[in-house]
Amino acid sequence: MEVGRAMLLALAFVAVASLPVAFALVFCADEIIDRVACGYAEWRERRRERRTIARLDRAVDAEGLTRGIDLTEFDREDRRSLQQIAADLHRFAEHRVNPGGRAVIWHAAVVDAYDEHLRAACRCLGLPEHLGELEGVDRQIERVRVEGMLHAAGLTLPAARPRHRQRHR
């Protein structure tokens, strides 16, 4: 009987000692469940991202895409940055729109330099252009098309600023 009472006393002591743990589990259950659920969701998201990346790697052959491109062209020291080309385009565009009473030959040189910088910007962004092949009105139309493509690519030229924007109906 003594052993039974000792066991009962030990069991009662363990029950009383674990009571705070039981209260903590009851009151913090939502936090514990939330942490477990968030950890599981993050694990699933990482797994899904890894599978998506693996699927994209299989679908797109990166080496095949760059096989025909000479990547050393981008590492040349004399290659101008897109920011420098854009700054020159802004300067040439202002002179092209407002010649300021300069000679006609000067205006033609500015337009040629502007077109050359448009071509350089297209090369930087990988956009097709045909400014070097055309003359006259066809070249002017191509210039407008190229300016539109550059604007769509994020290079805003002075002619595309709000104060110069054309109104479409």
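The structure this text deals with has already been given above.
The structure contained in this document is the topic of the report that follows. (Residues numbered from 1 in each chain as written. Predicted model: local features only at pLDDT ≥ 70, side-chain atom pairs only at ≥ 80, totals over all residues. Heavy atoms only, no water.)

## Quick look at the overall build of the protein
Using the following cut-off: Secondary structure elements follow DSSP: runs of H or I no shorter than four residues count as helices, runs of E no shorter than two count as strands, and numbering proceeds from the N terminus. Classification of residues uses two cut-offs on accessible area relative to the type maximum, computed with a 1.4 Å probe and protein chains only: under 20% is buried, over 50% is exposed, and between them is partly exposed. Here, residues are in contact when the closest pair of their heavy atoms is within 4.5 Å. Using a 1.4 Å probe, accessible areas were evaluated by the Shrake-Rupley method; residue-level cover was limited to the displayed protein chains.
Along its length, the protein carries six helices and zero strands. When the elements of the protein are put in sequence order from the N terminus, they spell out α-α-α-α-α-α. Looking at the protein residue by residue over its 169 residues, the buried ones come to 15%. Considering only residue pairs separated by 6 or more positions, the protein has 53% of its internal contacts joining residues 24 or more positions apart. A total of about 13600 Å² of accessible surface is found on the protein, and carbon and sulfur atoms cover 60% of it.

## Digging into a positive patch on the surface
The following threshold applies: Like-charged residues within 9 Å of one another, or nonpolar side chains (Val, Leu, Ile, Met, Phe, Trp, Tyr) within 5 Å, are grouped into patches, provided each residue has over 30% relative accessible area and no salt bridge. We define a salt bridge as a contact between a side-chain nitrogen of Lys or Arg and a carboxyl oxygen of Asp or Glu at a distance within 4 Å. Charge assignment: positive for Lys and Arg, negative for Asp and Glu; neither His nor the chain ends contribute. To locate a charge, the coordinates of NZ of Lys, CZ of Arg, CG of Asp or CD of Glu are taken.
A contiguous patch of positive charge, built from Arg44, Arg46, Arg47, Arg50, Arg51, Arg55 and Arg58, is present on the exposed surface. You can see arginine 44 is positioned in helix H2 (residues 29–59). Since its relative accessible area comes to 39%, arginine 44 is described here as partly exposed.

## Focus: the nonpolar core
For clarity, the cut-off: The definition of a nonpolar core used throughout is a set of buried Ala, Val, Leu, Ile, Met, Phe, Trp, Tyr and Cys residues joined through side-chain atoms within 4.5 Å.
Judged by nonpolar contacts, the single largest core of 16 residues is most densely connected at Leu89, Tyr114, Leu118, Leu150, Leu155 and Leu157. Of all the secondary-structure elements, those providing two or more residues to this core are helix H4 (82–97), helix H5 (104–125) and helix H6 (136–152). When residues in this core are grouped by element, the largest group, six residues, is from H5.

## Quick word on helix H1 (residues 2–27)
Going by this rule: Expected helix span is computed as 1.5 Å times (number of residues minus one).
With 26 residues, H1 extends 38 Å between its outermost C-alpha atoms, agreeing within 8% with the 38 Å of an ideal straight helix rising 1.5 Å per residue. Within H1, only zero of the 26 residues are buried, which leaves it mostly out in the open.

## Description of the pattern of salt bridges
Side-chain pairs of opposite charge can arise where the charged atoms are in close proximity. Enumeration according to the criterion identifies nine salt bridges in this entry. For the salt bridge of aspartate 115 with arginine 139, the shortest nitrogen-to-oxygen distance reads 2.8 Å. Of this pair, aspartate 115 sits in helix H5 while arginine 139 sits in helix H6; the two residues are 24 residues apart in sequence, bridging distant segments of the chain. Here arginine 123 and glutamate 116 are joined by a salt bridge, their closest N and O atoms 4.0 Å apart. Overall, the relative accessible area of 52% leaves arginine 123 in the exposed class.

## A word on the packing of H1 against H2
Rules: The axes are straight lines fitted to the C-alpha atoms, using for helices just the contacting stretch, and the angles between their N-to-C directions are given from 0 to 180°. For classification purposes, an angle smaller than 35 degrees is called roughly parallel, one larger than 145 roughly antiparallel, one from 65 to 115 roughly perpendicular, and anything else oblique. Nonpolar residues are Ala, Val, Leu, Ile, Met, Phe, Trp, Tyr, Cys and Pro. Charged residues are Asp, Glu, Lys and Arg, and all others, Gly as well, are polar.
The interhelical angle for the contact between H1 and H2, taken along N-to-C directions, is 60 degrees, at an axis separation of 4 Å. The angle between the axes of H1 and H2 places the two elements in the oblique class. Here H1 contributes Ala24, Leu25, Val26 and Phe27 to the contact with H2, which in turn contributes Ala29, Asp30 and Ile32. The residue inventory of the contact of H1 with H2, partitioned by class, reads six nonpolar, no polar and one charged.

## What to know about the side chain of histidine 117
Residue position: histidine 117 is located in helix H5. Sequence-distant contacts of histidine 117, that is, excluding residues within four places in its chain, are made with Arg80, Ile85, Asp88, Leu89 and Phe92.

## Side note on the side chain of glutamate 129
Going by this rule: Within 3.5 Å is the distance limit for a polar contact, defined as a pair of N or O atoms, with the added protein rule that one can donate a hydrogen and the other accept it, and that residues adjacent in sequence qualify only through two side-chain atoms.
Inspection of the secondary structure assignment puts glutamate 129 in the loop between H5 and H6. Side-chain polar atoms of glutamate 129 contact the side chain of arginine 119, separated by 3.2 Å. Looking at glutamate 129, its side chain comes within polar contact range of the main-chain nitrogen of leucine 131, at 2.9 Å. Beyond its immediate chain neighbours, meaning those up to four positions away, glutamate 129 contacts Arg119, Cys122, Glu142, Arg145 and Val146.

## Things to note about the environment of alanine 120
Assignment of secondary structure puts alanine 120 in helix H5. For alanine 120, a relative accessible area of 14% puts it in the buried group. Through-space distance from the C-alpha of alanine 120 to that of arginine 80 is 8.8 Å; in sequence the pair is 40 residues apart.

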